Structure formats: C-alpha cells, structure tokens
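Below are the chains, spelled out letter by letter.
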Amino acid sequence: MNYTEIQLTLSAEYTDILMAELSELGFESFVETDEGLSGYILEPDFDETAVQSVIDKYADQTAIAYQINSLEKKNWNEEWERNYQPIEVQDQIRVRASFHEPDAGFRYDIVINPKMSFGTGHHETTAMMLEHQLNVNAAGKTVLDVGSGTGILAILAAMQGAERVVAFDIEEWAIENARENAELNDCSQIEVFQGTIHEVNPAERFDIVLANINRNVLLEDIPVYVQLMKPDSTLLVSGFYEQDAPDIEEKGVAAGLTKTGQLSQNKWVSLKFDKRTHGL
Ligand SMILES: C[S@@+](CC[C@H](N)C(=O)[O-])C[C@H]1O[C@@H](n2cnc3c(N)ncnc32)[C@H](O)[C@@H]1O
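Below you will find a few notes about this structure. These figures come from a predicted structure and were not determined experimentally.

Parameters and conventions
Residues numbered from 1 in each chain as written. Predicted model: local features only at pLDDT ≥ 70, side-chain atom pairs only at ≥ 80, totals over all residues. Heavy atoms only, no water. Salt bridge = Lys/Arg side-chain N within 4 Å of Asp/Glu carboxyl O. Helix = DSSP H or I, 4+ residues; strand = E, 2+ residues; numbered from the N terminus. Buried < 20%, exposed > 50% of the residue type's maximum accessible area, 1.4 Å probe, protein only. Core = buried A, V, L, I, M, F, W, Y, C linked by side-chain atoms within 4.5 Å. Contact = heavy atoms within 4.5 Å. Expected span 1.5 Å × (residues − 1). Bend = angle between axes of the 7 residues up to and from the residue. Polar contact = N/O pair within 3.5 Å; in protein donor to acceptor, adjacent residues only side chain to side chain. Pairing = 2+ DSSP bridges. Axes fitted to C-alpha atoms, helices over the stretch in contact; angles between N-to-C directions.

With that settled, the discussion passes to the pattern of salt bridges. The tally for this structure, following the rule as stated, stands at nine salt bridges. Across the salt bridge formed by Lys 57 and Glu 21, the nearest N and O atoms sit 2.6 Å from each other. In this pair, Lys 57 sits in helix H2 (residues 48-58) while Glu 21 sits in helix H1 (residues 15-24), placing the two residues 36 residues apart along the sequence. Residue Lys 57 is classed as partly exposed on the basis of its relative accessible area, which comes to 48%. Where Arg 164 meets Glu 191, a salt bridge forms, and the shortest distance between an N and an O atom there is 3.0 Å.

Spelled out as structure tokens, the structure:
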C-alpha cells in the first residue's frame, strides 16, 4: 500500500496544532523538518479537501504552504528513519529511537518513539528544558511534567532518580505515547494521565515542575503551578518566544518565584524559577 506524504512549510509555532488537526484526519505519523512538518497517511485515507480546510482555518494567522508526494510504504519507513537522527544535549543526554544503536558515552540514554506526540528533543524548547534539568537535582524528588508529549522530560527526571513523576497532557495520543516511552526506558515511577493542571491532586506538593507548553497556558496557569510547589522547589518553563519572556517572568515573580536561569535558542526561551519562600 502506498503512503501519501504532505510536506508543510510553516512557522514552528504552528507545528503542534497542525499535527493535532492532521492526526484527526487519519495522518499516522509526523516528522518535524527545517521547513515545518511532514505528515504521512495511507493513500486511500487521504482527503485533500479536508486537508485544505484545515490549512484554510489557519491561513489568516500564518503562512502555510504544502506539497503532496506519493511514497511506497518501504521508502516511507526508510525516509522516516533517515530523518529521525539522535540528538545530544550537553554531552550528557542522547535521545534516540529504538532503531538506533545505544551509545554508552552518554550518561542518559533516552529512547523515544515519537509517533504523533511533540517531544523528540529536536525542538529547541525540549532541548533547553533537558539542559536546565541537568542542573536540577531530581534524586529522591517528586516531579510534575505539565504537557508531557512523548514523556521525554518525565523520563529524564526519572533517570535522574526522581522518586515519583506525575505527567499529563490534554491529548490522548500523547498519553499513550508517554506510557509506551516510559516503559521503553524502564521508568516505572512515571504516572501518566490525560487532563489539565486542574486534574492534579490539589493536596499534592512537588519539588520540581516542568512545563514546556505555550505562552497563553503559562500566563494563565503559573499561579496554579506555584500552589502545587513545595517550599525550595523549582519551576522550569518553555514554549514561548523571546518577546514573551518578560511577561512570563513577571507572572512567575508575581506568583512568588525568583528567576534563577534563562536559556535561549533560535528566539525560543526557557526560564528557571525557584520558590524560595517558606511555609506557603
Ligand atoms: C511543546 S509540547 C511539549 C512536549 C514535551 N513536554 C517536550 O518538552 O518536548 C506541549 C504539549 O503540551 C500539551 N498541552 C497543550 N496545552 C495543554 C494544557 N493546557 N494542559 C496540558 N497539556 C497541554 C500538548 O498536547 C503538547 O503535547
């Protein structure tokens, strides 16, 4: 059976939402590319009119161009594997798929089969979150991973020795994928559920909160994260551009946090906050 490939040229900000929309139309897998995104669907399931309606929906917000190719299944698999290269963070973390050989030169060998979820380490925001995590001691700690995608951040926390990791995402396929990846990496201390921050047990308190989401969700939910944080705990956030960093910082500080770190890559930013107040 042949596959249809759609190559989308679009701003990185929109890859997540387009992946979600196209997967609703039956697209089975995606690869993030330098130009944007490629999606794959069995040829008989491909409906160009439906794809066009999705693109039209976003046309007034951003420029999206696309090209359609027909691929033999065998070639498609090869293409996917060729495009998905391992990534390395700070010479300590290597993120790979199960079809790549492990490399013992890295302290953390993370296996991610991405399917349709965001979080392979290829995106700047994921890489910066992982880099920040390297400087936060998770051993014996409780960790909350907000918008877990593939579960990559939760998996690093578990590998660093976290005692309990709670991960959640609004998307169902992300949950399935995060569970599968947690198992692939033998991280039995990760608990994954589908929902939002409001479904987290309000009585529980965490040492580390990880939230690689987006500007709007962060601006709304940072105060809720802070309520769920223990005294002397850490919040790492990403998923927004440099121009939005001052608003995110202000929100964190207004909620009682101290900014203690900032990373930037390609106009994307990741901030580190510490909760230094006691007795809250
Ligand atoms: C930028 S991706 C990050 C994935 C992964 N944590 C990483 O760092 O690569 C954001 C994820 O948050 C999820 N998401 C978006 N809004 C959310 C919300 N309000 N609550 C929970 N998850 C959300 C999306 O489905 C997506 O999987």
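Counting residues in each nonpolar core, the largest one holds 34 residues, and the members touching the most others are Ile 93, Val 95, Ile 110, Leu 130, Val 165 and Ile 190. At seven residues, helix H5 (residues 152-159) tops the list of elements feeding residues into this core. Once you skip the residues sitting within four places of it in the chain, Val 165 turns out to touch Val 143, Ala 154, Ala 157, Ala 158, Gln 189, Ile 190 and Glu 191. Listed in part, the 27 residues of the second largest apolar core include Val 166, Ile 197, Val 237 and Phe 273.

Turning our eyes to something else, we now look at helix H7 (residues 215-227). The terminal C-alpha atoms of H7, which comprises 13 residues, lie 19 Å apart, in line with the 18 Å expected from a rise of 1.5 Å per residue. Of all the bends found along H7, the most pronounced is centred on Asp 221 and spans about 50 degrees, while Pro 223, a proline, follows it within four residues. For H7, the full list of buried residues reads Leu 218, Leu 219, Asp 221, Ile 222, Val 224, Tyr 225 and Val 226. The N-cap residue of H7 is Asn 214: its side-chain oxygen and the backbone nitrogen of Asn 216 are 3.1 Å apart.

Attention now goes to the sheet that holds strand E5 (residues 87-89). The strand order across the open sheet built from three strands is E5-E6-E7, with neighbouring strands paired in mixed fashion. Looking along the sheet, the strands with just one partner apiece sit at the ends: E5 and strand E7 (108-111). This sheet shows a mean twist of 20 degrees between the axes of neighbouring strands, independent of strand direction. Relative to strand E6 (residues 93-96), E5 runs antiparallel, the two sharing three bridges. Bridge pairing in E6 places Ile 87 opposite Val 95. Against the sheet, helix H4 (residues 124-134) touches E5, E6 and E7, its axis set at about 35 degrees to E5. Across the sheet, H5 lies against E6 and E7, angled at about 145 degrees from E7, the strand it touches most.

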